[in-house]
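# Observations on chain architecture
Residue strings, one per chain:
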There are 2 protein chains.
Amino acid sequence: MTLAQSILSGDRLALTRLLTQVENQTAEGRAALVELFPHTGRAHLIGVTGSPGTGKSSLVNQLALHYRKQVDPPKRVAVIAVDPSSPFTGGAVLGDRVRMRDLAGDPDVFIRSMASRGSLGGLAQTSAAVAQVFDAAGYDLILIETVGAGQSEVEIAELAHTTLVVEAPGLGDDIQAIKAGILEIADILVVNKADRSGADSTERALKNMLELAHPARKVFRHHGREMLVEAPQDDQPETLWLPPIIQTVASQGTGTAELAEAIEKHAAHLRSSGDWAARERARLEVEVEALLQEVLVSRFRSAIPEKEIEKLLSQVVNRQLSPWEAVDLLVAGRAE
Amino acid sequence: MTLAQSILSGDRLALTRLLTQVENQTAEGRAALVELFPHTGRAHLIGVTGSPGTGKSSLVNQLALHYRKQVDPPKRVAVIAVDPSSPFTGGAVLGDRVRMRDLAGDPDVFIRSMASRGSLGGLAQTSAAVAQVFDAAGYDLILIETVGAGQSEVEIAELAHTTLVVEAPGLGDDIQAIKAGILEIADILVVNKADRSGADSTERALKNMLELAHPARKVFRHHGREMLVEAPQDDQPETLWLPPIIQTVASQGTGTAELAEAIEKHAAHLRSSGDWAARERARLEVEVEALLQEVLVSRFRSAIPEKEIEKLLSQVVNRQLSPWEAVDLLVAGRAE
């Protein structure tokens, strides 16, 4: 039985093994991904992003609990907790114990923490591959949690069908400024820690920003390419999704059911509007392009002696050649 | 006179025009970059990064003021304020008025806010190109400020010879967790807002983390590649740089002189240890590789009809082909 077959038959140990292979980008991992790919495309991918201090991890925990205990039949839930701020240590900062206590021992919940190894592009690619593994393994919901609100996190969140942006009251002005950018990727806005003072004014501020931003456009963005979907005509307002704002107190489980309901509604909207298919296509296009890039570069580099590249680089360092001229020489195949 | 020649002769309007060309990646901009490249390599590039709320912008402002008013002869200062969290609006959130009030009208200070357009890779590349323009234009110090602490910001900070990581007291646990990763890129640590309670304990916490991290290794990291410099032998301890921790209150200008002194010391250390040249080389290598990638992919794509790519992509969306198989077909040139 291949590794992929073991996973399709529900072997959890095989799943763990493949995730490690995928993260380390081994040939065995890649072979299994190819074999599993026809079995993907069923899961609902949910991105969860927002600034530090908003309580994303607890919220993800509560959502997982909800899908396990409050939904009939219970859904199978995978969590990918990505921490791009830790590129070198390899530590999994996000594998916190709160989660474990509530969900440990449940075979239909799988939590995987990923620290960044290598480049950001690599991290987004690896997250996509890990999501595919969970998808093929039959997890219904895949929650992709990213810490922070930089562009790296945005790109990872864009893997998702549905993106939650989490805010909390009273996080300061600097964070206010960030919201402007992050708001545009939100399908659902969450004001967590809503028992704190200022929750209502945070909600009001978000509402104002939403009104300014909408309904001019709804955009799919992937690696800098924008696929604009024009605002609908007046006679078909139902094609537009206006991000709802949900107040939660994740530490007490308050608001989780409402949030799950909003997620459900968004999935229904995506399917009825055709956006689900459009997002799938955009996502897979990004994946194909990233792979293409990787293959082209490695093919090219293996055809050129390392010494030649080193020599050109020295000329660049000495300012005898500009980087553009060096690349022209390399590509023209007459570097000397 | 070419655009590049105008810039070399000190024409500020030409400089502004080229920056826009570079950001828009025009052919004219690229030609000017090639012409300017031999004139680069003199500026000291200083990255400034840290979490939201730490007061990075004010600190950068104070540093610029210091180099203009407290140093004899005054240094020419450029600031590149990058905001990767705002990928779509194109707004320059960071061009704040505090700066303008203190530094406006000084022809030897140039502040450029950049919002992300396109991919993160694109943003790091564009920042590098903008820094080259300032370098060729004779700016002595180039401060590259990034909001946030995700990997995107790390990559941008790595353009620099010297990286400042800014912290502030009392930003919460989530941010504590981030420090572990960000600490590894710090050449100098700044505890800003040091008049707040908790400044000393923040400094102590940083010191503890530094002691845990050092002196095992000092690393250059570029796009996931690690160039490990082993810890020095006991008989040559002077080759190791231990990041100092500087307390500042940027809103009052406190500590700026000490910070500038630490920056100066770091530059001297880089030069005497050979690290300056090593960082230059690593940086230019990353730039050459990014360009190579860009050229290879665009050459490849222009040789293949868009329709063919679309057709393969549809097969991927329908799960008839995996992304890996699609790329193999594309590269083998027998996609059908």
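Residues numbered from 1 in each chain as written. Chains lettered and ligands numbered in written order. Predicted model: local features only at pLDDT ≥ 70, side-chain atom pairs only at ≥ 80, totals over all residues. Heavy atoms only, no water.

Now for the overall build of chain A. Across its full length, chain A carries 13 helices and nine strands. Sorting the 336 residues of chain A into buried and exposed places 57% on the buried side. Taking all contacts inside chain A whose residues are at least 6 apart in sequence as the whole, residues at least 24 apart take part in 76%. (Helix = DSSP H or I, 4+ residues; strand = E, 2+ residues; numbered from the N terminus. Buried < 20%, exposed > 50% of the residue type's maximum accessible area, 1.4 Å probe, protein only. Contact = heavy atoms within 4.5 Å.)

All names here are of chain A. Position of His39 among the secondary structure elements: in the loop between helix H3 (27–36) and strand E1 (44–50). When its relative accessible area of 32% is taken as the criterion, His39 is described as partly exposed. Between the C-alpha atoms of His39 and Gly138, which are 99 residues apart in sequence, the distance is 8.7 Å. In contact with His39, not counting residues within four places along its chain, are Leu8, Asp135 and Ala136.

Residue and element names in this part refer to chain A. Within the structure shown, the criterion is met by four aromatic pairs over all chains. In this structure an aromatic cluster arises from ring pairing among Phe110, Phe134 and Tyr139. It is Arg271 that lies over the ring of Trp276; its NZ or CZ is 3.8 Å from the centre. (Phe/Tyr/Trp six-rings, centres within 6.5 Å; stacked < 30°, edge-to-face > 60°. Lys NZ or Arg CZ within 6 Å of the ring centre and 35° of its normal.)

All right, on to the pairing of strand E5 (residues 162–167) of chain B then. All names here are of chain B. Burial of E5 is extensive: six of the six residues sit out of reach of the surface. Side chains Thr162, Leu164 and Val166 of E5 all project onto a buried face; the interleaved residues Thr163, Val165 and Glu167 project onto the opposite face, where all are buried too. One ladder, built from five bridges, connects strand E1 (residues 44–50) with E5; its direction is parallel. The residue bridging Gly50 from the neighbouring strand is Val166, located in E5. Where E5 lies against strand E6 (residues 188–191), four bridges are found, and the strand directions are parallel. Within the sheet, the bridge partner assigned to Glu167 lies in E6 and is Val191. (Pairing = 2+ DSSP bridges.)

We now examine helix H12 (residues 306–317) of chain B. For H12 of chain B, with twelve residues, the first-to-last C-alpha span of 16 Å sits near the 16 Å given by 1.5 Å per residue. On the buried face of H12 of chain B, the contacting elements are helix H11 (275–302) of chain A together with helix H11 (275–303) and helix H13 (323–332) of chain B. (Expected span 1.5 Å × (residues − 1).)

Residue and element names in this part refer to chain A. For Arg76, the position within the fold is in the loop between helix H4 (56–69) and strand E2 (77–83). Take Arg76: its relative accessible area is 24%, and that puts it in the partly exposed class. Separated by 35 residues in sequence, Arg76 and Ile111 place their C-alpha atoms 11 Å apart. Contacts of Arg76, omitting those with residues within four sequence positions, involve Arg68, Pro107, Asp108, Ala137, Gly138, Tyr139, Asp140 and Leu141.

Take the side chain of Ser322 of chain A next. Here Ser322 of chain A is to be found in the loop between helix H12 (306–317) and helix H13 (323–332). Overall, the relative accessible area of 1% leaves Ser322 of chain A in the buried class. Contacts of Ser322 of chain A, omitting those with residues within four sequence positions, involve Val316 of chain A together with Val34 and Phe37 of chain B.

Residue Pro73 of chain A is bonded to the preceding Asp72 of chain A through a cis peptide linkage, with omega at -5°. As for its placement among the helices and strands, Pro73 of chain A is situated in the loop between H4 and E2. Not every positive phi belongs to a glycine, and Arg319 of chain A is a case in point at roughly 65°. Its location among the elements puts Arg319 of chain A in the loop between H12 and H13. Assessed through its relative accessible area of 15%, Arg319 of chain A is described here as buried. Even without being glycine, Lys193 of chain B reaches a positive phi, approximately 55°. With respect to the helices, strands and loops of the structure, Lys193 of chain B is situated in the loop between E6 and helix H9 (199–213). Since its relative accessible area comes to 22%, Lys193 of chain B is described here as partly exposed.

Bringing the pattern of salt bridges into the picture now. All names here are of chain A. Scanning all chains against the criterion turns up 26 salt bridges over all chains. Linking Lys265 and Glu261 is a salt bridge whose minimum nitrogen-to-oxygen distance equals 4.0 Å. With Lys265 and Glu261 both in helix H10 (residues 256–273) and four residues apart, this pair spans about one turn of that helix. Here Lys265 falls in the exposed class, since its relative accessible area comes to 53%. Look at the salt bridges and you will find they share partners, linking Arg68, Arg76, Asp106 and Asp108 into a network. (Salt bridge = Lys/Arg side-chain N within 4 Å of Asp/Glu carboxyl O.)

Successive side chains on a regular strand alternate, one facing one side of the sheet and the next facing the other. Residues and elements named next belong to chain A. With seven of its seven residues buried, E1 lies for the most part within the structure. Of the two faces of E1, the one carrying His44, Ile46, Val48 and Gly50 and the one carrying Leu45, Gly47 and Thr49 are both buried. Here five bridges tie E1 to strand E4 (residues 141–146), and the two strands are oriented parallel to one another. Bridged to Ile46 within E4 is Leu143.

This next bit is on the packing of H12 of chain B against H13 of chain B. Residue and element names in this part refer to chain B. Running from N to C, H12 and H13 cross one another at 160°; their axes reach a closest spacing of 9 Å. With respect to H13, the axis of H12 lies roughly antiparallel. Between H12 and H13 lies a crossing whose hand is right-handed. When H12 is examined against H13, the residues Ile309, Leu312 and Val316 are found in contact with a partner set consisting of Pro323, Ala326, Leu329 and Leu330. Here the contact of H12 with H13 is built from residues that sort into seven nonpolar, no polar and no charged. (Axes fitted to C-alpha atoms, helices over the stretch in contact; angles between N-to-C directions. Parallel < 35°, antiparallel > 145°, perpendicular 65-115°, else oblique. Left-handed = near helix turned anticlockwise from the far one by under 90°. Nonpolar A, V, L, I, M, F, W, Y, C, P; charged D, E, K, R; others polar.)

With that settled, the discussion passes to the packing of H4 of chain A against H10 of chain A. Residue and element names in this part refer to chain A. At a closest axis distance of 10 Å, the pairing of H4 and H10 adopts a crossing angle of 80°. Judged by the inter-axis angle, H4 sits roughly perpendicular to H10. Listed contacts from H10 to Leu59, Gln62, Leu63, His66 and Tyr67 of H4 are Thr256, Ala257, Leu259, Ala260 and Ile263. Per-class residue counts for the contact of H4 with H10 are seven nonpolar, three polar and no charged.

Residue and element names in this part refer to chain A. For chain A, mean pLDDT is 80; residues scoring 70 or higher make up 75% of the total. Taken as a whole, residues 86–98 scores under 50 in pLDDT and shows 34 contacts with residues more than four places along the chain or in a different chain. Among the scores for the predicted complex, ipTM is 0.80 and pTM is 0.73. (pLDDT = per-residue confidence, 0-100.)

Right, let's talk about the environment of Val331 of chain B for a bit. Looking at where Val331 of chain B falls in the secondary structure, it is placed in helix H13. The spatial distance from the C-alpha of Val331 of chain B to the C-alpha of Phe300 of chain B is 8.8 Å, given a sequence separation of 31 residues. With residues up to four places along the chain from it excluded, the contact list for Val331 of chain B reads Leu292, Val295, Leu296 and Arg299 of chain A together with Phe300 of chain B.

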